[in-house]
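Single-letter residue listing:
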Amino acid sequence: MNFTLRLRILVPEFFLTNRLFFTAMKQKNTRVLSTLLLGGVIALWGCEKALQPEPKPSAVQVKQLLANTESAKSTSKAQAEWLRFVERVERGEIVDPVGQYVAKGTPTLLDAEGHPIARPKCDVSLRDPNKGFALRTIRYTRSTAAISRSIDEPCDPSTLDPGSPCYQGPVGGGSSPSATVFVSSETTSTYTDAVNPNGYIYDLKIVKGELEQPLAGYYKIAVDLNRGTGGMRMFLTFTRRPSYVRLGDETGWGWAQDDISGPVREIQAFKTPTGISSPVNQPRGFVPLWTLNPVPGSTWKHPDLNDGAHGRYIYGYQFKAPSYGRPIEVGVISSNNARPVPPVGWDADYTQDLNEGAGGDYIYFCSKKK
């Protein structure tokens, strides 16, 4: 049956019970008849298209879909296994074979001169999830005049050379579970008013201890800056409310009000060899990330961000002087990868791992210009 014949049969049936159709026929109203017939044709044509079966995916498409699904399941399972591993280590139930992650409160080994010995640290790509997350091994042949044999040797934790046989890629590679946490001020709290219509961040502070609460008007970015180490739990906090800003000792340094009053325009961390920070000798607007001092006699303390972890002496600073550019949002990224990638638009300060020398996760301050 051709298309024309089908229309001759179907169109009258379509309008058979339609009173408007019969009225138009009786009055010989050609304009109405034309409109109705055209609408019927379009409706039927749409039905013809709707009744056509969807094309079946090719065998290659089906195979790719299944592979993607299995890969996602495998990745999710590996990440869950890694997180359970770290949690059990932090509770003291098991020991990390690499020595990178330890339970909270674990004392640091000291050298003969009493200085802390840095804990080993490696990208997760160097670990073997099938061997309790121990270091991967490389096999090579050692030959002498008398013997030739194959030797399995653990990877060097400090080896991140892409040419190394141990290295599996910058983001975990292979079946190694990549686990990254990123939390920012954007997702934690927003606030605007007549004084701060753009919702800028006006100050940053550090809080220490699991039960420590932020100062009034400040909000906590929920990433432990000592994650995976034996150090004290520590968090970055911020406020967008100028009236809630608690200035520290910088008020006595003779700086201009714009250099210390905000908004925050940059955040960085630096290490020192002696464990003594000298903020007065830093550039103008170089404001320490203070924490409340529990010792009587002084309100504020500039905390070592590795406090209790006994890694490198690391101190955080915020920059408020207008010369540092546009105000920023702040974030913290924590990962078992040496170079975790923050979301689009964010920059991680890879120049300073906040856990350097203390093991645990690789942790970096992040910022995003407003």
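This structure is a prediction, so every number in the text was calculated from the model and none was measured.

Another aspect to go through is the packing of aromatic side chains. Considering all chains together, one arrives at 9 aromatic pairs under this definition. Considering the side-chain rings of F182 and W346, the 5.2 Å spacing of their centres and the 70° angle between planes classify their relative orientation as edge-to-face. In this pair, F182 is assigned in strand β5 (residues 180-184) and W346 in the loop between β14 (328-335) and β15 (347-348), connecting sequence segments 164 residues apart. With relative accessibility at 24%, the residue F182 sits in the partly exposed group. Summarising the aromatic geometry, the rings of Y350 and Y364 are spaced 5.2 Å apart at their centres and angled 80° between planes, so their arrangement reads as edge-to-face. Here Y364 lies in strand β16 (residues 362-369) and Y350 lies in the loop between β15 and β16, a separation of 14 residues in the sequence. Grouped by ring-pair contacts, the aromatic residues W82, F85, Y101 and F133 constitute a single cluster. The aromatic ring of Y362 is capped on one face by K121, whose charged end is 4.6 Å from the ring centroid.

For the coordinates displayed, the defined rule picks out 13 salt bridges. The shortest N-O distance in the salt bridge between R91 and E93 comes to 2.9 Å. The salt bridge partner of D96 is R127, with a shortest N-O separation of 2.9 Å. Here D96, found in the loop between α4 (59-90) and β1 (127-128), pairs with R127, found in strand β1; they are 31 residues apart in sequence, far enough to count as distant. R127 carries the same exposure label as D96, and that label is buried. Here the salt bridges share partners, and the residues they tie into one network are R88, R91 and E93.

Our focus in this paragraph is the environment of T351. The topology assignment puts T351 in the loop between β15 and β16. Residues T351 and F365 lie 14 residues apart in sequence; the distance between their C-alpha atoms is 9.8 Å. In terms of polar contacts, T351 uses its side chain to reach the side chain of D349, at 2.4 Å.

Most of β14 sits out of view: 8 of its 8 residues are buried. Side chains I328, V330, V332 and S334 project from β14 onto one buried face, and the interleaved E329, G331, I333 and S335 project onto a second face that is buried too. When β5 meets β14, the two strands line up antiparallel, connected through 5 bridges. Considered in β14, the bridge of T180 is made with S335. Of the pairings in the sheet, the one linking β14 to β16 comprises 8 bridges and is antiparallel in character.

Reading the values: the criteria
Residues numbered from 1 in each chain as written. Predicted model: local features only at pLDDT ≥ 70, side-chain atom pairs only at ≥ 80, totals over all residues. Heavy atoms only, no water. Phe/Tyr/Trp six-rings, centres within 6.5 Å; stacked < 30°, edge-to-face > 60°. Helix = DSSP H or I, 4+ residues; strand = E, 2+ residues; numbered from the N terminus. Buried < 20%, exposed > 50% of the residue type's maximum accessible area, 1.4 Å probe, protein only. Lys NZ or Arg CZ within 6 Å of the ring centre and 35° of its normal. Salt bridge = Lys/Arg side-chain N within 4 Å of Asp/Glu carboxyl O. Polar contact = N/O pair within 3.5 Å; in protein donor to acceptor, adjacent residues only side chain to side chain. Pairing = 2+ DSSP bridges.

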